[in-house]
Amino acid sequence: MSTSSAAPRRGDGTDAPGARPPMREALVAAAFQLFLEHGYEQTTVDDIVALAGVGRRSFFRYFPSKEDVVFPDHERCLADMTAFLADSPEDADPVRRVCDAARLVLRMYAENPDFSVQRYRLTKRVAGLRAYELSVVWRYERALAGYLRERLEDRPDGRLRADVIAAAVVAAHNNALRGWLRSDGRDDAGAAVDHALGHAQAVFGDAPAAPRGGTPGDLVVVAARRGTPLWQVVREIETAFADDAPPN
């Protein structure tokens, strides 16, 4: 892959147009070039700014840490998701709404497949980045759960139901997303995510819908006793999705 493919396509709107890429994109491109050539652990912030031709202050104006330069687009995506949920119509089906919110994350990944695949490979090799990524996923899940808690607060076990649905939607989305990344971005990411989110919608939605691409009645139902730990419920859902996923 070319070095330029490492930079996200969307700028942050703060850099003046010119021959050089915006500073934020230049920093990401320089970072990934060094990560690929020398390794993530061996690359320092000083190395990145030297290659990008800027100072350390400029780096930290855009990225609080070296980990953040690997995930330059998640803060914007989380803000987009939060705004999308806040703007939900009163009569919106809450489960369908959080599934649509999850698709915003897919859209962010699909905007630049080369960069997304590159990041996926890097994250698999670096334990610290995997931990950082989990913290990002948790923030998405909390955004979905917060919206669902408000919408389901009058229902029995509304808070529990909100948290389980949010976890299931994130698990379904990420299962399909990882499959797309393992295909090096060649598969149809939208169809895979629609299929996975269709399962979550069919199980938890008020009006069950068959997943796109599936067969009528192709549903996954997970039964759990009251008091079953949330992590165990989510693991059962992820296992069902994994069993249904095509081999890579």
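Preceding this section is the structure that the text describes.
So, here is what we can say about the structure in this document. As the structure is a computational prediction, the values presented were derived from the model and not from experiment.

1. With respect to the pattern of salt bridges
Within the structure shown, the criterion is met by 10 salt bridges. Here R103 and D100 are joined by a salt bridge, their closest N and O atoms 2.8 Å apart. With a gap of three residues between them, R103 and D100 both fall in helix α6 (residues 94–110), about one helical turn apart. Taking the relative accessible area as the measure of exposure, D100 reaches 29% and is therefore partly exposed. Notably, a salt bridge pairs R121 with D184, separated by 2.7 Å at the nearest N-O pair. A residue pair is termed long-range when its members are at least 10 positions apart, and R121 in helix α7 (residues 113–125) and D184 in the loop between α9 (158–182) and α10 (189–204) qualify at 63 residues. A residue is classified by how much of its surface remains accessible, and R121, at 37% relative accessible area, is partly exposed. Accessibility expressed as a relative area gives 33% for D184, which makes it partly exposed. When salt bridges that share partners are traced, they join E141, R142, R149 and D163 into one network.

2. Describing the packing of α6 against α9
It is at 10 Å that the axes of α6 and α9 come closest, and there the two elements cross at 30°. Considering the angle they form, α6 stands roughly parallel to α9. By crossing handedness, the relation of α6 to α9 is classed as right-handed. Contact residues: V95, V98, C99, A102, V105, L106, Y109 and A110 in α6; I165, V169, H173, L177, W180 and L181 in α9. Among the residues making up the contact of α6 with α9, the classes are represented as 13 nonpolar, one polar and no charged.

3. Some points on the environment of A145
Residue position: A145 is located in helix α8 (residues 127–152). The class for A145 is buried, based on a relative accessible area of 0%. A C-alpha to C-alpha distance of 9.5 Å links A145 and L160, two positions 15 residues apart in sequence. Filtering out sequence-adjacent residues up to four positions away, A145 remains in contact with A162, D163 and A166.

So, how was this worked out
- Residues numbered from 1 in each chain as written.
- Predicted model: local features only at pLDDT ≥ 70, side-chain atom pairs only at ≥ 80, totals over all residues.
- Heavy atoms only, no water.
- Salt bridge = Lys/Arg side-chain N within 4 Å of Asp/Glu carboxyl O.
- Helix = DSSP H or I, 4+ residues; strand = E, 2+ residues; numbered from the N terminus.
- Buried < 20%, exposed > 50% of the residue type's maximum accessible area, 1.4 Å probe, protein only.
- Axes fitted to C-alpha atoms, helices over the stretch in contact; angles between N-to-C directions.
- Parallel < 35°, antiparallel > 145°, perpendicular 65-115°, else oblique.
- Left-handed = near helix turned anticlockwise from the far one by under 90°.
- Contact = heavy atoms within 4.5 Å.
- Nonpolar A, V, L, I, M, F, W, Y, C, P; charged D, E, K, R; others polar.

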